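Working through the structure, step by step
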Amino acid sequence: VSSCPLNAILYEQTGDLSKLPLLCHYPVKAQYVSNDPDYLSCKKKICKKRGKGACRVTTCSGSLTFHVINIRTDIEFVFFAGGFETPCVLKRSKPLKFANPKKPLHGHISSVDSTGESMRLTWVSGDKAPQHVEYGNGKSQASEVATFSQSHMCTSLLPSPAKDFGWHDPGYIHSAVMTGLKPSTTFSYRYGSASADWSDRIKFRTPPAAGSDEVKFLALGDMGKAPRDPSVEHYIETFSGKHNRSLLIDMMCNVYYVLPGSLSVVKALAGEVSSCNVDSIFHIGDISYATGFLVEWDFFLHLISPVASRVSYMTAIGNHERDYIDSGSVYVTPDSGGECGVPYETYFPMPTPAKDKPWYSIEQGSVHFTIISTEHDWSSNSKQIRELSTRSLQDSNEAFLSEKNYRSLSDYDWMNKDMAGIDRSRTPWLVFAGYVKCHILFQSQFPDLVRAPLEA
């Protein structure tokens, strides 16, 4: 651990312009000792040198509290001077180990189909051996195990955080499908193994089956995570230096920012879940804001656990999960920090056609949800159009295509075809969700074309 001033570039390429310690090893958390008011006033003095029966040299002491979670790997505490921009390491602790690096953690559930009879549980552990989810009255399912490495991350001439400075071993991601459930019913489960330990037993509720009368869901985007201590961390100070604000968009596409951000949003979500006022949560894009600093995924999964472990937590990919130079994303920004969608799709396996095809449709209650990726190619010949459409573009539409409006008409055509195949007597409500903002979509050259299928 030493000073690396040029690492500021690795933060900045992901859009994080906040002041962070420019150490050579990614600092997960940092605080100024002045956070302890007794340190500057020197109320806590320690004698360092005595002579002739008296203390000749004293120093001031202070104490800080860090919220640390089990990230499986050893951690160290470093004391440095010189500020964040030119840190000079004065003292470092011995590596500290977690009591159980294999412990199964961060279980979250998601829907796999529209029946409400099967649910996927995904969790993280330091153990690569298959584990189990035990649920209902004695049922059990073994987990499938996945992981990813630095070789799966994207990079460019400027090394990406995910490939270099921000890499952290993700451990092993376990996933198992609980079958034989009933829709709109409460069950309990636990996950793990005898060798790695078991989670607590958790109660969850299945969503209503497609075609039933009602579903209660919450939708949000741009949440990220925030520390539960006074620390500064990667990507919690954005939007012109203010703390990270969670973005909520209502049905009329009015935009609201909620302060102080993810902590208050998760608290509100947990209240709704505990009151049985929600069947599902849809998190549409920009999930954790890890952007190549991989340990942030652990902190995000820890944050959402109180809600994502109890109701279906469905997601859509955003630019900060997928976009990177020469990676196949439609935008060539470095916003994912080199992740290129790999951690997102591993932590949140949705009912998608295949890897790097993060789009799907699902029905709950009286609502048909169509979840798309705004980070992939939407031209008429793209995989997204070909695989999700039931018909090809009509000749009348193709006559209007040009380089400038190509994408808008493709979106319009896909929306028409997806919605045309829905049985409105079964699911009269349609929700079309993707990360691109409504106000951007509606300011395109074809607002009437976009509004028409949505309002039909």
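The present account deals with the structure reproduced in this document. (Residues numbered from 1 in each chain as written. Predicted model: local features only at pLDDT ≥ 70, side-chain atom pairs only at ≥ 80, totals over all residues. Heavy atoms only, no water.)

A full pass over the atoms with the stated rule returns 13 salt bridges. The residue Glu 85 makes a salt bridge to Lys 19 at a minimum N-O spacing of 3.0 Å. Here Glu 85 is found in the loop between strand E3 (78-81) and strand E4 (88-92), whereas its partner Lys 19 is found in the loop between helix H1 (8-12) and helix H2 (37-40), with 66 residues between them in sequence. Salt-bridge contacts for Asp 36 lead to Lys 44; the nearest nitrogen and oxygen are separated by 3.6 Å. Three or more residues joined by partner-sharing salt bridges are found here, namely Lys 29, Lys 225, Asp 229, Glu 233 and Glu 296. (Salt bridge = Lys/Arg side-chain N within 4 Å of Asp/Glu carboxyl O. Helix = DSSP H or I, 4+ residues; strand = E, 2+ residues; numbered from the N terminus.)

Let's shift gears to helix H4 (residues 295-308). With 14 residues, H4 ought to run about 20 Å at 1.5 Å a step, and its terminal C-alpha atoms sit 19 Å apart, in line with that. Taking the largest bend as the criterion, H4 deviates by roughly 30°, centred on His 302, and proline Pro 306 comes between one and four positions later. Within H4, 12 of the 14 residues are buried, which leaves it mostly tucked inside the rest of the structure. The complete set of buried residues in H4 reads Val 295, Glu 296, Trp 297, Asp 298, Phe 299, Phe 300, Leu 301, Leu 303, Ile 304, Ser 305, Val 307 and Ala 308. (Expected span 1.5 Å × (residues − 1). Bend = angle between axes of the 7 residues up to and from the residue. Buried < 20%, exposed > 50% of the residue type's maximum accessible area, 1.4 Å probe, protein only.)

Before going further, it helps to examine the pairing of strand E21 (residues 360-364). In terms of burial, E21 is a largely internal element, 4 of the 5 residues being buried. Pairing geometry for E21 and strand E22 (residues 367-371), over 5 bridges, is antiparallel. Of the residues in E22, the one forming a bridge with Ser 361 is Thr 370. (Pairing = 2+ DSSP bridges.)

This paragraph deals with the state of the cysteines. For the coordinates displayed, the defined rule picks out 4 disulfides. There is a disulfide in this structure between Cys 42 and Cys 60, and the S-S distance comes to 1.8 Å. Its S-S torsion of approximately -95° makes the covalent link between Cys 42 and Cys 60 left-handed. Here Cys 42, found in the loop between H2 and strand E1 (45-51), pairs with Cys 60, found in strand E2 (residues 54-60); they are 18 residues apart in sequence, far enough to count as distant. Cys 47 shares a disulfide with Cys 55; S-S distance 2.3 Å. Across the disulfide from Cys 47 to Cys 55, rotation about the S-S bond amounts to roughly 115°, and the bridge is consequently right-handed. Looking at Cys 47, the relative accessible area reads 29%, which means it is partly exposed. Its relative accessible area of 31% is what places Cys 55 among the partly exposed residues. Going through the chain in sequence order and numbering each bonded cysteine, the pairs you get are 1-2, 3-6, 4-5, 7-8. (Disulfide = S-S within 2.5 Å.)

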